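# Topology and contacts: notes
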Amino acid sequence: MRKLFLILSLVLSVCGCSARPDSTLKMETYETYYRIVEENTHLSGPSMYYTLSGEMITLPDGSHRYYVIVDQPQIAMYDCVVFIVENNVLYSEAVKMMPCMGIFDDKVSMIPNQVNKEAGYVKGISVSGSCSEESVHLHILVEWKDRNRKDTYREFHSYTMSTSGFTPEMTDGQ
């Protein structure tokens, strides 16, 4: 009887410790990506694997909405994540959620010349954010996995976005 109680207690403690609500796991993932972008010091140059572009519009209330688009994949990119941090705001000081894709929503993949939305294969990824400033500095992380989903690749970009354009910052290699 004692062995049965010990085994039952062990099973319950293992299950109880590992069971976290999905929303808690997603928020932990969000914080992890935020900190990865926050701590990054190396910028990638123009990507050989995809095109990165952006646009900002002024809304009727005077605020601004910007769009960052990752598309035209040159290789198969699985389980893509795009994460943006505005104006170098630290995680501890953030008062709003930063724009991201691939954390709170379904995973998507980009494969050259293939689109099947039902299967999660998209032509491109658009991430948008809003701000009150006419210009915003964006640190952008683009992450994807290889076909076997074993190797993860990350590229970091830094752009200034305004209604007059999407301007890249100097990279480490330039």
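Preceding this section is the structure that the text describes.
This structure is a prediction, so every number in the text was calculated from the model and none was measured.

This part is about the overall build of the chain. From N to C terminus, the chain includes 2 helices and 8 strands. Every one of the 174 residues in the chain was classed for burial, and the buried ones make up 36%. Carbon and sulfur atoms make up 54% of the accessible area of the chain, which totals about 10,700 Å².

Now for the nonpolar core. Residues Tyr66, Val68, Ile125, Leu138 and Ile140 are the most contacted members of the largest nonpolar core, which totals 25 residues. For this core, the secondary-structure elements that each account for two or more residues are β1 (51–58), β2 (64–71), β3 (78–86), β5 (124–131), β6 (135–145) and β7 (152–162). It is β6 that provides the largest number of residues to this core, a total of 5 residues. Once residues within four sequence positions are removed from consideration, Val68 is found in contact with Leu52, Ser53, Gly54, Ile84, Ile125, Ser126, Val127, Leu138, Ile140, Met161 and Phe166.

What follows concerns the sheet that holds β2. Ordered in space as β1-β2-β5, the 3 strands form an open sheet in which the pairing is antiparallel. Strand pairing shows two members of the sheet lacking a second neighbour, β1 and β5, which therefore form its edges. For this sheet the average axis-to-axis angle between neighbouring strands, irrespective of direction, equals 15°. Sheet topology places β2 next to β5; 8 bridges connect them, and they run antiparallel. In the sheet register, Asp71 faces β5, and the bridge partner there is Gly124.

Under the defined criterion, the tally for this structure stands at 11 aromatic pairs. Aromatic side chains Tyr30 and Phe104 sit 5.9 Å apart centroid to centroid with 40° between the ring planes, which places their arrangement in the tilted category. In this pair, Tyr30 is assigned in helix α2 (residues 22–39) and Phe104 in the loop between β4 (100–101) and β5, connecting sequence segments 74 residues apart. Owing to a relative accessible area of 2%, Tyr30 belongs among the buried residues under this scheme. Summarising the aromatic geometry, the rings of Tyr50 and Trp144 are spaced 5.8 Å apart at their centres and angled 80° between planes, so their arrangement reads as edge-to-face. Highlighted residues: Tyr50 in the loop between α2 and β1 and Trp144 in strand β6, separated in sequence by 94 residues. Here Tyr50 falls in the buried class, since its relative accessible area comes to 4%. Residue Trp144 is classed as buried on the basis of its relative accessible area of 2%.

Another aspect to go through is the sheet that holds β7. Judged by pairing direction, the sheet is antiparallel, and its 5 strands sit side by side in the order β4-β3-β6-β7-β8 without closing on themselves. The open sheet has two edge strands with one neighbour each: β4 and β8 (165–168). Sheet topology note: the β3/β4 ladder contains 2 bridges and is antiparallel. If you follow Phe83 over to β4, its bridge partner there is Cys100.

As a further point, take the pairing of β3. Within β3, 9 of the 9 residues are buried, which leaves it mostly tucked inside the rest of the structure. Examined bridge by bridge, β3 and β6 share 7 bridges and lie antiparallel to one another. Bridge pairing in β6 links Glu86 to Leu138.

Right, let's talk about the environment of Ser128 for a bit. Mapped onto the secondary structure, Ser128 falls in strand β5. The class of Ser128 is partly exposed, set by a relative accessible area of 33%. Taking the C-alpha atoms as reference, Ser128 lies 5.5 Å from Tyr66; in sequence the two are 62 residues apart. When near neighbours in sequence (up to four residues on either side) are disregarded, Ser128 contacts Arg65, Tyr66, Tyr67 and Pro99. There is a polar contact of 3.1 Å between the side chain of Ser128 and the side chain of Arg65.

What counts, and where the lines are drawn
Residues numbered from 1 in each chain as written. Predicted model: local features only at pLDDT ≥ 70, side-chain atom pairs only at ≥ 80, totals over all residues. Heavy atoms only, no water. Helix = DSSP H or I, 4+ residues; strand = E, 2+ residues; numbered from the N terminus. Buried < 20%, exposed > 50% of the residue type's maximum accessible area, 1.4 Å probe, protein only. Areas by Shrake-Rupley, 256 points an atom, 1.4 Å probe, with all protein chains shown as cover. Core = buried A, V, L, I, M, F, W, Y, C linked by side-chain atoms within 4.5 Å. Contact = heavy atoms within 4.5 Å. Pairing = 2+ DSSP bridges. Axes fitted to C-alpha atoms, helices over the stretch in contact; angles between N-to-C directions. Phe/Tyr/Trp six-rings, centres within 6.5 Å; stacked < 30°, edge-to-face > 60°. Polar contact = N/O pair within 3.5 Å; in protein donor to acceptor, adjacent residues only side chain to side chain.

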